2 protein chains.
Amino acid sequence: MKKKLLAASLALAFGVGSGYVVNTFAQAKPEVLVKQRQAAMTLIGKYWGPLGAMASGKAPYNAEVVARNAVYLDALTQMPWDGFAADTKDTAEKTRALPAVFTDTAKFKEGQDRLRGAVTKLVAASKGGEDAFKAAAGEVGKACAACHENFRAK
Amino acid sequence: MKKKLLAASLALAFGVGSGYVVNTFAQAKPEVLVKQRQAAMTLIGKYWGPLGAMASGKAPYNAEVVARNAVYLDALTQMPWDGFAADTKDTAEKTRALPAVFTDTAKFKEGQDRLRGAVTKLVAASKGGEDAFKAAAGEVGKACAACHENFRAK
């Protein structure tokens, strides 16, 4: 119980939400956390890719793909964050996470929240036709880019 | 358009569902497909792990974690399959996929459907208390194991 409270406190301290508790629960090692957060980013790329192409006019709008991928992204964009736990800071794994992830945790959390807000709107917009989709997708793209700019190595 | 029809035909032929179309859309290379399907499996492991521990009595039942992870698994268990496209058969990537994935495609599809059915029931059961959860989780565990037994190297 003490351990659980500690995990909850750490989660609040690092602003990474309840997912942190689950990982403490599973006692995941830093290298596992890095692998899991990279897996989430890989899949966000997989399902964002076609939407980004549609939003920028490089691919034709496909309402079915938009609706499906938006739902997937709604789940996936909740998954990376507990993987940036403090004990992954000095991992030997290859990672593009910049030190700012661990030093500017408030701003990093803001970036996560911005993405989550944009994806929530994307899910709603995915039922509203091409124009609504493009507007919402634009905000998702900006949220990705802003966070990568500050927290991911080039 | 011809390309899209071809992709749809291939998707039917290999029984991998509409996700295949999306990947053809993005023209993902075999090594990317392997990375993406492994990412999905990694995350299924992340969110199944705590549920498996609860189902087998190794961890205390936590309704909040069950509900959240069931929803995540509902999305994640739809994601690996289009990554087993025929052109990944001879990939240089390190993979535990057995040749049967590409030769016994009907049985592989059956395994996917079994998992999907079990996870759908898990999502419903996640609102029904500990006993309902344990019964549903048992079926998910069996679906994982059966498919790994036949299609994944030890």
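The following paragraphs examine the structure supplied in this document. What you see is a predicted model; the values in this text were computed from it and never measured. (Residues numbered from 1 in each chain as written. Chains lettered and ligands numbered in written order. Predicted model: local features only at pLDDT ≥ 70, side-chain atom pairs only at ≥ 80, totals over all residues. Heavy atoms only, no water.)

The subject of this paragraph is the packing of helix 4 (residues 63-76) of chain B against helix 6 (residues 105-125) of chain B. Each pair of packed helices can be described by the angle between their axes along with the distance between the axes. Residue and element names in this part refer to chain B. Where helix 4 meets helix 6, the axes come as close as 9 Å, and the angle between the chain directions of the two elements is 155°. Classified by the angle their axes make, helix 4 and helix 6 are roughly antiparallel. Crossing handedness for the pair helix 4 and helix 6: left-handed. Only Arg116, Val119, Thr120, Leu122 and Val123 of helix 6 make contact with helix 4, whose side of the interface consists of Ala70, Leu73 and Asp74. Each residue belonging to the contact of helix 4 with helix 6 can be placed in one class, and the counts come to five nonpolar, one polar and two charged. (Axes fitted to C-alpha atoms, helices over the stretch in contact; angles between N-to-C directions. Helix = DSSP H or I, 4+ residues; strand = E, 2+ residues; numbered from the N terminus. Parallel < 35°, antiparallel > 145°, perpendicular 65-115°, else oblique. Left-handed = near helix turned anticlockwise from the far one by under 90°. Contact = heavy atoms within 4.5 Å. Nonpolar A, V, L, I, M, F, W, Y, C, P; charged D, E, K, R; others polar.)

Think of a pair of aromatic rings as described by two things: how far the centres are apart, and how the planes are tilted against each other in angle. Residues and elements named next belong to chain A. The tally for this structure, following the rule as stated, stands at 12 aromatic pairs over all chains. Here Trp81 and Phe84 contribute two aromatic rings whose centre-to-centre distance is 6.2 Å and whose plane-to-plane angle is 20°, an arrangement assigned as stacked. Each of the two residues, Trp81 as well as Phe84, counts as buried. A ring pair is formed by Trp81 and Phe108, whose centres lie 5.9 Å apart and whose planes are at 85°; its orientation type is edge-to-face. Here the residue Trp81 occupies a position in the loop between helix 4 (63-76) and helix 5 (100-103), and Phe108 occupies one in helix 6 (residues 105-125), the gap between them amounting to 27 residues. Put simply, the rings of Trp81, Phe84, Phe108 and Phe151 touch in pairs and so form one group of aromatic residues. (Phe/Tyr/Trp six-rings, centres within 6.5 Å; stacked < 30°, edge-to-face > 60°. Buried < 20%, exposed > 50% of the residue type's maximum accessible area, 1.4 Å probe, protein only.)

In terms of nonpolar packing, the biggest core is built from 73 residues, with Leu76 of chain A together with Leu76 of chain B touching the most fellow members. At nine residues, the largest contribution of residues to this core is made by helix 3 (residues 30-55) of chain B. Once you skip the residues sitting within four places of it in the chain, Leu76 of chain A turns out to touch Ala40, Leu43, Ile44 and Tyr47 of chain A together with Leu43, Leu76 and Met79 of chain B. (Core = buried A, V, L, I, M, F, W, Y, C linked by side-chain atoms within 4.5 Å.)

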